[in-house]
Amino acid sequence: MSTTLLLARHGQTLWHAENRYAGVSDIGLTDEGRAQAVKLGWWAGRQAASGVGIDAVVTSTVPRAIATAEPACRALDLVPEREHDLRECDFGVVEGRTLAEFEAVDPTAAAAFRADPVLNPFPSAEDPRTAAARGTAALHRIASSHEGGRVLVVAHNTLLRLVLCELLSIPLSDYRRVFPRLRNAAVSEIRLTGNSTALLSLNVPCES
């Protein structure tokens, strides 16, 4: 039996507005990020009103993801589930910095990252392969727990891009090229059937 997962990146934060890496750091939503969360909640309510429905909401344990999911949970009258393995990657020394700032300090490491971000992650960062594995396992657990249902999953940009590559048999090293960016609070829909994954939509804004 198939399970549909509706993957959404959290709303904008101050660091993301400035294109700074925010992995494990607790950075709150901007006014724009809160507005994006409201739009996601409106979209979720519209799904329910249309008869399609959403059976569960699962978020990472990072506060910005939890806050983004709150309007959707209210619209659906659901209590969110928490999944720690959906947390964002730890970006090591680049937490709170832009890639350009890091490049100015360590151009060799920045060039290596640009060439292959999986073989050459940032110093002291989480191995992207480890992040992909934990995130993929989390989505499979969610699918098994809600078999045949539709689940809204609120998580993070880099983690979700790595997981999409893993599920769709795309080389992990290509995640920045194939999926340049997941928009804040936009929805990407996948269908999991056992170990098979279908990508049904990508980066669909909630206002559409």
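Structure shown above.
Residues numbered from 1 in each chain as written. Predicted model: local features only at pLDDT ≥ 70, side-chain atom pairs only at ≥ 80, totals over all residues. Heavy atoms only, no water.

> Give a description of the overall build of the protein that names residues and reports values.
Helices and strands together make up the secondary structure of the protein, namely 8 helices and 6 strands. Taken from N to C terminus, the helices and strands of the protein fall in the order β-α-α-β-α-β-α-α-α-β-α-α-β-β. Relative to the 2.2 N^0.38 estimate, which gives 17 Å for 208 residues, the radius of gyration of the protein is 17 Å and therefore close to what a compact globule would have. Its C-alpha atoms put the protein at 55 × 40 × 25 Å along the principal axes. A buried classification covers 53% of the 208 residues belonging to the protein. A sequence separation of at least 24 residues applies to 69% of the contacts in the protein between residues at least 6 apart. When the accessible surface of the protein is summed, it comes to about 9100 Å², and 51% of that surface belongs to carbon and sulfur atoms. Within the protein, one finds 21 positive and 24 negative side-chain charges whose respective centroids are separated by 4 Å. (Helix = DSSP H or I, 4+ residues; strand = E, 2+ residues; numbered from the N terminus. Rg over C-alpha atoms; globule rule 2.2 N^0.38 Å. Buried < 20%, exposed > 50% of the residue type's maximum accessible area, 1.4 Å probe, protein only. Contact = heavy atoms within 4.5 Å. Areas by Shrake-Rupley, 256 points an atom, 1.4 Å probe, with all protein chains shown as cover. Lys, Arg positive; Asp, Glu negative; His and termini not counted. Charge placed at Lys NZ, Arg CZ, Asp CG, Glu CD.)

> Could you give an account of the nonpolar core, naming the residues involved and the relevant values?
Among the nonpolar cores identified, the biggest contains 39 residues, and Leu5, Leu86, Phe122 and Leu139 are the most heavily contacted of them. Listing elements by their share of this core, those giving two or more residues are strand 1 (3–9), strand 2 (56–59), helix 4 (99–105), helix 5 (107–115), helix 6 (128–145), strand 4 (150–155), helix 7 (157–167) and strand 5 (187–193). Dropping the residues within four chain positions of it, Leu139 is found in contact with Leu5, Leu7, Leu86, Val153, Val163, Leu167, Ile190 and Leu192. One finds Leu6, Cys73, Leu76 and Leu152 within the second-largest nonpolar core, a separate group that totals 17 residues. (Core = buried A, V, L, I, M, F, W, Y, C linked by side-chain atoms within 4.5 Å.)

Remember, this is a structural readout, not a statement about activity or role.
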